[in-house]
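# Analysis of the macromolecular model
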Amino acid sequence: MNIRPVRPDDAAGINAVYNPFILGSPATFETAAIDPETRRRWIEDRMANPRWPAVVAESQDGEIAGFANASAFDPRAAYETSIKVSVFIAPQAQGMGVGARLYSALFDRLAGIDVHRAYAGIVAPNPASVALHQRFGFRHVSTLDEVGRKFGRFYSVMWFEKRF
Ligand SMILES: CC(C)(COP(=O)(O)OP(=O)(O)OC[C@H]1O[C@@H](n2cnc3c(N)ncnc32)[C@H](O)[C@@H]1OP(=O)(O)O)[C@@H](O)C(=O)NCCC(=O)NCCS
């Protein structure tokens, strides 16, 4: 598995990983599949702003198996040193260390950047994601009880914080 920065032509591969989670999993609170053009703009934003990198895991046959990225925590200016991070691995590639390799690459790219806090909102329960975030220095700071509803049921979100 090759870990590398995102490229404009990764839109279809990233959507192929992420859209099934949108449509079938509570792990993301998005509910509508992302179209290729929207994803291309998302990639351009990731490539244009050093605070918001994205990295992908690419198999030997060129398939995207997962990605990790940072985005704005909140668009208001005083929040600019805070970011949100997330990571999604296709089911067949989970549990093999790909998430950890992607986060290593993502946080390498954030080193030396003017970022002060990173946050991850993990929909409960998700022991693999909790383990991954704790390994990268995140600690649990709060849980918002039943803050979201998807597939007709409520889910709580555990917020994890990493200090730089
Ligand atoms: C959560 C996720 C990103 C983890 O990535 P991964 O490549 O599967 O995980 P890794 O193999 O790198 O393992 C990372 C850690 O999680 C642990 N882990 C992996 N699978 C686990 C499981 N099913 N239960 C408990 N812990 C697990 C590993 O032991 C490892 O812990 P360690 O660092 O203490 O050894 C991935 O499983 C995934 O994409 N899941 C679905 C989408 C999702 O939940 N994304 C996160 C949104 S916040």
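Coordinates for the structure precede this section.
The following refers to the structure shown. (Residues numbered from 1 in each chain as written. Predicted model: local features only at pLDDT ≥ 70, side-chain atom pairs only at ≥ 80, totals over all residues.)

## Thoughts on the packing of helix 1 (residues 11-24) against helix 2 (residues 36-48)
Rule in force here: Axis lines are fitted through C-alpha atoms, for helices just across the contact stretch, and the angle between N-to-C directions can take any value from 0 to 180 degrees. Each helix is a run of H or I in the DSSP string that is no shorter than four residues. Each strand is a run of E no shorter than two, and both are numbered from the N terminus. Small angles under 35 degrees read as roughly parallel and large ones over 145 as roughly antiparallel, with 65 to 115 read as roughly perpendicular and the rest as oblique. In this description, any two residues whose backbone-derived C-beta atoms lie within 7 Å of each other are considered to be in contact. Residues are sorted three ways: Asp, Glu, Lys and Arg are charged, Ala, Val, Leu, Ile, Met, Phe, Trp, Tyr, Cys and Pro are nonpolar, and all the rest, Gly among them, are polar.
At their nearest, the axes of helix 1 and helix 2 sit 9 Å apart, and the two run at 110° to each other. Here helix 1 lies roughly perpendicular to helix 2, going by the angle between them. Mapping the contact onto sequence places A11, A12, I14 and N15 in helix 1 and P36, R39, R40 and I43 in helix 2. Here the contact of helix 1 with helix 2 is built from residues that sort into five nonpolar, one polar and two charged.

## A few points about the site of the ligand
The criterion, for reference: Any residue whose C-beta atom, as placed from the backbone, lies within 6 Å of a molecule or strand is termed near it.
As a matter of local geometry, the ligand sits amid 22 residues, with Q94, G99, A100, A128 and A131 nearest to it. The set of elements that each furnish at least two residues to the shell around the ligand consists of strand 4 (82-89), helix 3 (98-110), strand 5 (117-123) and helix 4 (127-135). The element contributing the most residues to the shell around the ligand is helix 4, with six residues. Of the residues that constitute the shell around the ligand, the class distribution is 14 nonpolar, seven polar and one charged.

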